[in-house]
Amino acid sequence: MRKILAIFTCFNRRELTRRSMETLSHNQNVKFDFVIVDDNSTDGTKEMLMEMPQKIDLVSGDGSLFWNGGMHKAIEHVKKEHADYAYYMLMNDDTRFFDGIFDEMEPFLKEDEVLVGAICGEHGELSYGGIKYTKGIKYDKLGPEGAGVNCSTFNANCAIIPREIFMRVGIDPYYKHSIGDFDYGLQISRLGYPIHIFHKYVGECNDNSLLLTWQDASLPRIKRLRLKESRKGLPFGDWFHFLRRNFGLGTAIVRSFTPYIKILIKK
């Protein structure tokens with residue numbers, strides 16, 4: 001039986017977290033252990049996790065970690081305490097994984113490449129998967145139809161990473177909430193490791209809606225600006241850091257102001 005260490009961070013999504021973990025048990029040839037950062041949930045998530053039958057190493061946060069901080073803490077903990085697994089899986093706890101899908105993925109695991117599981121929405125449309133940069137910072141989001149494509153990076157909703165790669169990269173703690181998974185995958189690409197997508201959807205989770213976010217053009221400009229600079233938006237510092245780190249200083253100087261132009265022209 002193949003053992004994989006699943007890694008995620010959670011906060012106040014007790015039933016979604018439970019459901020996601022339970023769906024991972026619906027495989028015959030793959031068993032999951034867990035390292036989970038609970039960021040000081042108040043809805044009983046921590047207590048629920050302590051009662052679940054799976055092997056879980058539960059790490060506590062103080063409520064200020066958000067996704068990026070939680071995943072950084074989890075991965076660094078794993079490198080110190082759980083370096084004996086052949087494969088590690090980054091995941092999100094709001095995904096319902098399909099029965100037996102990891103039994104199907106297991107023969108495709110390789111020691112020198114990342115295997116991404118694409119996630120669909122409730123109507124079968126692509127939610128999360130591989131990312132292929134096409135020109136500058138423009139990219140295509142790829143699902144199972146892109147199985148033969150070497151991706152640039154990925155959404156970390158389901159990404160299985162072999163030990164050799166896992167030990168060489170990490171989540172940049174600079175980011176406040178998002179972008180960290182894109183940055184993580186780009187680190188892997190720069191090291192020369194391939195990133196491929198499995199040829200079937202592996203689970204279901206609706207894509208985040210743009211309504212009432214900084215990208216919602218129906219909102220007043222000042223509200224969009226506040227939302228953009230919020231922790232869950234696209235703060236200037238995070239965006240500039242991502243662009244400079246992955247695309248160079250020139251691109252960062254020019255493209256870091258693009259979101260403000262979109263807000264200004266109500267696009």
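Each remark here, short or long, concerns the structure printed above.
Remember, predicted model here, so these are calculated numbers, not experimental data.

If you check helix α8 (residues 236-247), its first and last C-alpha atoms are 16 Å apart, about what twelve residues at 1.5 Å a residue would give, namely 16 Å. Within α8, burial applies to Asp238, Trp239, Phe240, His241, Phe242, Leu243 and Asn246. Each element contacted by the buried residues of α8 is listed here: β9 (130-135), α6 (180-190), α9 (249-255) and α10 (258-264). The positive-phi residue at the C-terminal boundary of α8 is Gly248, with phi of around 100°.

So, on to the sheet that holds strand β11 (residues 153-154). Overall, antiparallel pairing links the three strands, which are arranged β10-β9-β11 in an open sheet. Since the sheet does not close on itself, it has two edges, and those belong to β10 (138-142) and β11, each with one partner. Where β9 meets β10, five bridges bridge the pair, whose relative direction is antiparallel. Residue pairing across strands places Gly130 opposite Leu142, the latter belonging to β10.

Time to look at the pattern of salt bridges. Here the structure, examined in full by the defined rule, presents 14 salt bridges. The salt bridge partner of Arg245 is Asp183, with a shortest N-O separation of 2.8 Å. Of the two residues, Arg245 is situated in helix α8 and Asp183 in helix α6; the sequence distance between them amounts to 62 residues. A relative accessible area of 35% places Arg245 in the partly exposed class. A residue is classified by how much of its surface remains accessible, and Asp183, at 0% relative accessible area, is buried. For Glu229, the salt bridge identified is with Lys228, shortest N-O distance 2.8 Å. A network of salt bridges, in which partner residues are shared, links Arg13, Asp93 and Asp94.

Glancing now at the sheet that holds strand β5 (residues 96-97). Taken in spatial order, the four strands line up as β5-β14-β7-β8 in an open sheet, and their pairing is mixed. If you trace the sheet from one side to the other, it starts and ends with β5 and β8 (126-128), each paired once. Here strand β7 (residues 119-120) runs beside strand β14 (residues 203-204); their pairing, made up of two bridges, is parallel. Of the residues in β14, the one forming a bridge with Cys120 is Glu204.

Right, let's talk about the environment of Ser64 for a bit. Its location among the elements puts Ser64 in the loop between β3 (56-60) and α3 (66-81). A sequence separation of 24 residues divides Ser64 from Asn40, and the C-alpha atoms of the two residues are 8.5 Å apart. In this view, Ser64 contacts Asp39 and Arg231; residues no more than four positions away in its chain are not counted.

Rules behind the numbers
Residues numbered from 1 in each chain as written. Predicted model: local features only at pLDDT ≥ 70, side-chain atom pairs only at ≥ 80, totals over all residues. Heavy atoms only, no water. Helix = DSSP H or I, 4+ residues; strand = E, 2+ residues; numbered from the N terminus. Expected span 1.5 Å × (residues − 1). Buried < 20%, exposed > 50% of the residue type's maximum accessible area, 1.4 Å probe, protein only. Contact = heavy atoms within 4.5 Å. Pairing = 2+ DSSP bridges. Salt bridge = Lys/Arg side-chain N within 4 Å of Asp/Glu carboxyl O.

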